[in-house]
Amino acid sequence: MSRSRLAVSVEFSCSVHATEEEERVLRALINLLPEELRSVSDLPMTKHVTHGFYGNPILLIRVIYGEQEADKIALHIFSSMPSKDTQSVLQDFQSRFAKGRLYLRFDKQEAYRGSIKLSSGDEVIKCVIKLKPNIRRSEDLERVLKEQGVRL
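Residues numbered from 1 in each chain as written. Predicted model: local features only at pLDDT ≥ 70, side-chain atom pairs only at ≥ 80, totals over all residues. Heavy atoms only, no water.

Enquirer: Honestly, the nonpolar core in this entry has me stumped. Any pointers?
Expert: Within soluble globular proteins, side chains that are nonpolar generally end up buried alongside one another. Counting residues in each nonpolar core, the largest one holds 45 residues, and the members touching the most others are Leu-6, Phe-12, Phe-78, Leu-102, Phe-106, Ile-129 and Leu-141. Those elements that provide at least two residues to this core are strand E1 (7–16), helix H1 (22–30), strand E3 (57–65), helix H2 (67–80), helix H3 (83–91), strand E5 (101–107), strand E6 (124–131) and helix H6 (138–147). Here the element with the most residues in this core is H2; it accounts for six residues. Among residues more than four places away in sequence, those in contact with Phe-106 are Leu-32, Ile-77, Met-81, Ile-116, Lys-117, Leu-118, Ser-119, Glu-123, Val-124, Ile-125 and Cys-127. (Core = buried A, V, L, I, M, F, W, Y, C linked by side-chain atoms within 4.5 Å. Buried < 20%, exposed > 50% of the residue type's maximum accessible area, 1.4 Å probe, protein only. Helix = DSSP H or I, 4+ residues; strand = E, 2+ residues; numbered from the N terminus. Contact = heavy atoms within 4.5 Å.)

Enquirer: Help me understand the side chain of Lys-108 in this model?
Expert: Mapping Lys-108 onto the fold places it in helix H5 (residues 108–112). Of the polar contacts made by the side chain of Lys-108, one reaches the side chain of Glu-20; its length is 3.1 Å. Other than its neighbours up to four places away in sequence, Lys-108 contacts Ser-15, Glu-20, Val-25, Ala-28, Glu-123, Val-124 and Ile-125. (Polar contact = N/O pair within 3.5 Å; in protein donor to acceptor, adjacent residues only side chain to side chain.)

Enquirer: For this particular structure, what's the right way to read the pattern of salt bridges?
Expert: All told, the structure shown has 15 salt bridges when counted by the stated rule. A salt bridge links Arg-5 to Asp-71; its shortest N-O distance comes to 2.4 Å. Of this pair, Arg-5 sits in the segment before E1 while Asp-71 sits in helix H2, placing them 66 residues apart in sequence. For Arg-5, a relative accessible area of 37% puts it in the partly exposed group. Put simply, Glu-20, Lys-108 and Glu-123 are held in one network by salt bridges that share partners. (Salt bridge = Lys/Arg side-chain N within 4 Å of Asp/Glu carboxyl O.)

So, in structure tokens, the structure goes:
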């Protein structure tokens, strides 16, 4: 029996404020990826500069992975999160899910330290996982994660 696939694409986005170092924020983002995708030079990244309320520059970083890497990244995230965070995603699935996409927010400081933890604060790395069409309910996600060997 073949295992069900999980994701079609994964998108990360975050901001780098004037008080932050771009390299540290990039390191935090890279720490959310599986080891084999952690090369800065290979990141499918776009950057855009905008300005805050007081004219301070804010760098917006966006990294998008397609279907080839999406499953690997999504499984890495779910395998690396604390089980209480995975359970939170499953319990709050309907409020995190819209139009085939699962919306997650990870603590930027924890990611820099190498931990993948959910956050509801402002200093986050946003992650949007476009799920396969067969995943539309919490039960579907739970089933696929178990098939893929993720401990819940």
